[in-house]
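Observations on the three-dimensional arrangement
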Amino acid sequence: MTQAYDNRPIGVFDSGLGGLTVLKDIMQRLPAENTLYFGDSGRMPYGSKSVETVTRFSLQNMRFLLDQDVKMIVIACNTASSRAYATIRNNSPVPVIEVIEPGSREAVRQSENGRIGVIGTQGTIDSQVYIKTIEKLSDKPVEIFQQACPLFVSLAEEGWWDHPVTRDVARIYLEPLLSRHIDALVLGCTHYPLLSSVIKSIAGPSVRLIHSGAAVAAVIEQTLKRTESLNNGQKPAVHAYFTSDSVRRFQTLSSLFLDQPITDIQHVDIEQYSCDALQSD
Ligand code: DGL
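Residues numbered from 1 in each chain as written. Predicted model: local features only at pLDDT ≥ 70, side-chain atom pairs only at ≥ 80, totals over all residues. Heavy atoms only, no water.

Taken together, 13 residues surround the ligand, and among them Ser15, Tyr46, Asn78, Thr79 and His191 come closest. In this structure, a nitrogen atom belonging to the ligand sits 2.9 Å away from a side-chain N or O atom of Asp14. Interatomic distance of 2.7 Å between a backbone N/O atom of Asn78 and an oxygen atom of the ligand. (Near = heavy atom within 4 Å. Polar contact = N/O pair within 3.5 Å; in protein donor to acceptor, adjacent residues only side chain to side chain.)

Now the structure itself:
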């Protein structure tokens, strides 16, 4: 039997720039894949919004990506994964990948003392999804300490990735977790890896930073292989970018982060996409 391929792009969305930290890992692991990224910077932050609002936004983002004929949807946002994954999965005709389980699996694998810190948006922390998932995946007792770090998202979107203000804010947010002697810290928001040099310098060498990007890329590869939908690799990969806010701002910061000039960026009027759910979770 011959192997089947699917050259349509992988669709990725986040509330803003944060999902680029996942996209980078996808591009590294699967260089033949076309990708299409949507950053909803015009409506961020998601982390302080209600479950209903995050679900509505996520459904609109899904519809936009499906309109572009993607073969898969990656929710590169912890807040949307924790609030809307089941709804998106139930309404999507293509496979949907979320970021919580791969990150939790990494935390369980990398923590030696079973004391794990989790930082995320208020929405992700309130959902308790990391506590439930890490406890489910671990076969030894674990203690999980959580901290919401809402200002990190604005600092990341501002491009203050290594800035004295970011350092001061990080010190205040991380102190309560570090005093619990954690040895692993889950960056439970895809914006936070943008600030990882500051976070790392405050957390110190005894704390491993867990960022789900590489683990998510591995899950995507397995899913594409299982469903025989890898790209056949006969043409160079194309990467397209869309934002609901200023194209110029997105261009400057995305080029800086991805370390290459990003030119194919278009503005999307995301409110024109339907938020009707065919089925809730
Ligand atoms: N990057 C997102 C996350 O992973 C959301 C940040 C926000 O918009 O509050 O949770």
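Having seen the model, we can carry on.
Taken in spatial order, the 6 strands line up as E4-E3-E1-E2-E9-E10 in an open sheet, and their pairing is parallel. Two strands close off the open sheet at either side, each with one partner strand: strand E4 (96-97) and strand E10 (265-267). Sitting on the sheet, helix H3 (residues 78-91) touches strand E1 (10-14), strand E3 (72-75) and E4, and the angle it makes with E3 is about 160°. Strand contacts of helix H11 (residues 247-258): strand E2 (35-39), strand E9 (239-243) and E10, with the helix running at about 150° to E10, the strand carrying the most contacts. (Pairing = 2+ DSSP bridges. Helix = DSSP H or I, 4+ residues; strand = E, 2+ residues; numbered from the N terminus. Contact = heavy atoms within 4.5 Å. Axes fitted to C-alpha atoms, helices over the stretch in contact; angles between N-to-C directions.)

Considering the arrangement of structural elements, one finds Val94 in the loop between H3 and E4. On the accessibility criterion, Val94 (11% relative accessible area) is buried. Along the backbone, Val94 and Ile73 are 21 residues apart, and their C-alpha atoms lie at a distance of 7.0 Å. Apart from residues lying up to four places away in sequence, Val94 is in contact with Leu66, Val70, Lys71, Met72 and Ile73. (Buried < 20%, exposed > 50% of the residue type's maximum accessible area, 1.4 Å probe, protein only.)

Time to look at the packing of aromatic side chains. Within this structure, the stated rule accounts for 10 aromatic pairs. Taking 5.2 Å as the distance between ring centres and 85° as the angle between the ring planes, the aromatic pair formed by Phe152 and Tyr192 counts as edge-to-face. One end of the pair, Phe152, is in helix H7 (residues 151-157); the other, Tyr192, is in the loop between strand E7 (184-188) and helix H9 (196-203), with 40 residues separating them in the sequence. Their ring planes at 85° and their centres at 6.2 Å tell us that Trp161 and Phe257 sit as a pair that is edge-to-face. Linking Trp161 in the loop between H7 and helix H8 (164-178) with Phe257 in helix H11, this pair joins segments that are 96 residues apart in sequence. (Phe/Tyr/Trp six-rings, centres within 6.5 Å; stacked < 30°, edge-to-face > 60°.)

Moving on to the nonpolar core. Judged by nonpolar contacts, the single largest core of 53 residues is most densely connected at Val74, Ile119, Phe152, Ile220 and Tyr241. If sequence neighbours within four positions are ignored, Ile220 has contacts with Ile10, Ile26, Leu30, Met72, Val74 and Ile97. Grouped together as the second largest cluster of nonpolar side chains are 24 residues, Leu36, Met62, Leu65 and Ala240 included. (Core = buried A, V, L, I, M, F, W, Y, C linked by side-chain atoms within 4.5 Å.)

Glancing now at the packing of helix H4 (residues 100-110) against helix H6 (residues 129-137). Two elements in contact, H4 and H6, have axes separated by 9 Å at closest approach and are oriented at 55°. Taken together, the axis directions place H4 and H6 in an arrangement best described as oblique. Between H4 and H6 lies a crossing whose hand is right-handed. Facing Ile100, Glu101, Ser104, Arg105, Ala107 and Val108 of H4, the residues of H6 in contact are Val129, Tyr130, Thr133, Ile134, Lys136 and Leu137. Broken down by class, the residue content of the contact of H4 with H6 amounts to 7 nonpolar, 2 polar and 3 charged. (Parallel < 35°, antiparallel > 145°, perpendicular 65-115°, else oblique. Left-handed = near helix turned anticlockwise from the far one by under 90°. Nonpolar A, V, L, I, M, F, W, Y, C, P; charged D, E, K, R; others polar.)

Time to look at helix H2 (residues 51-67). A rise of 1.5 Å per residue sets the reference length of H2, with its 17 residues, at 24 Å; its end C-alpha atoms lie 24 Å apart and thus fit the reference within 8%. With 12 of 17 residues buried, H2 lies mostly within the body of the structure. Among all positions of H2, only Thr53, Val54, Thr55, Phe57, Ser58, Leu59, Gln60, Asn61, Met62, Arg63, Phe64 and Leu65 are buried. Looking at the buried positions of H2, the neighbouring elements they touch are E1, E2, E3, H3 and E9. Of the residues trailing H2, Asp69 is marked for its positive phi of about 60°. (Expected span 1.5 Å × (residues − 1).)

A few words on the sheet that holds strand E8 (residues 208-210). Within a sheet, adjacent strands bond to each other through the backbone by hydrogen bonds, running parallel or antiparallel. Within the open sheet, the 4 strands sit side by side as E6-E5-E7-E8. Their pairing is parallel. Unpaired on one side and paired on the other, strand E6 (143-148) and E8 mark the two borders of the sheet. For this sheet, the mean angle separating the axes of adjacent strands, direction not counted, is 25°. Contacting strand E5 (115-120), E6 and E7, H8 crosses the sheet at an angle of about 165° to E6.

According to the stated counting rule, one finds 14 salt bridges in the structure shown. The salt bridge involving Glu271 is made with Arg43; its shortest N-O contact spans 3.1 Å. You can see Glu271 sitting in the segment after E10 and its partner Arg43 sitting in the loop between E2 and H2, a full 228 residues away along the chain. Using a relative accessible area of 9% as the deciding quantity, one classes Arg43 as buried. Among the charged side chains, a network of salt bridges with common partners joins Asp6, Arg8 and Asp69. (Salt bridge = Lys/Arg side-chain N within 4 Å of Asp/Glu carboxyl O.)

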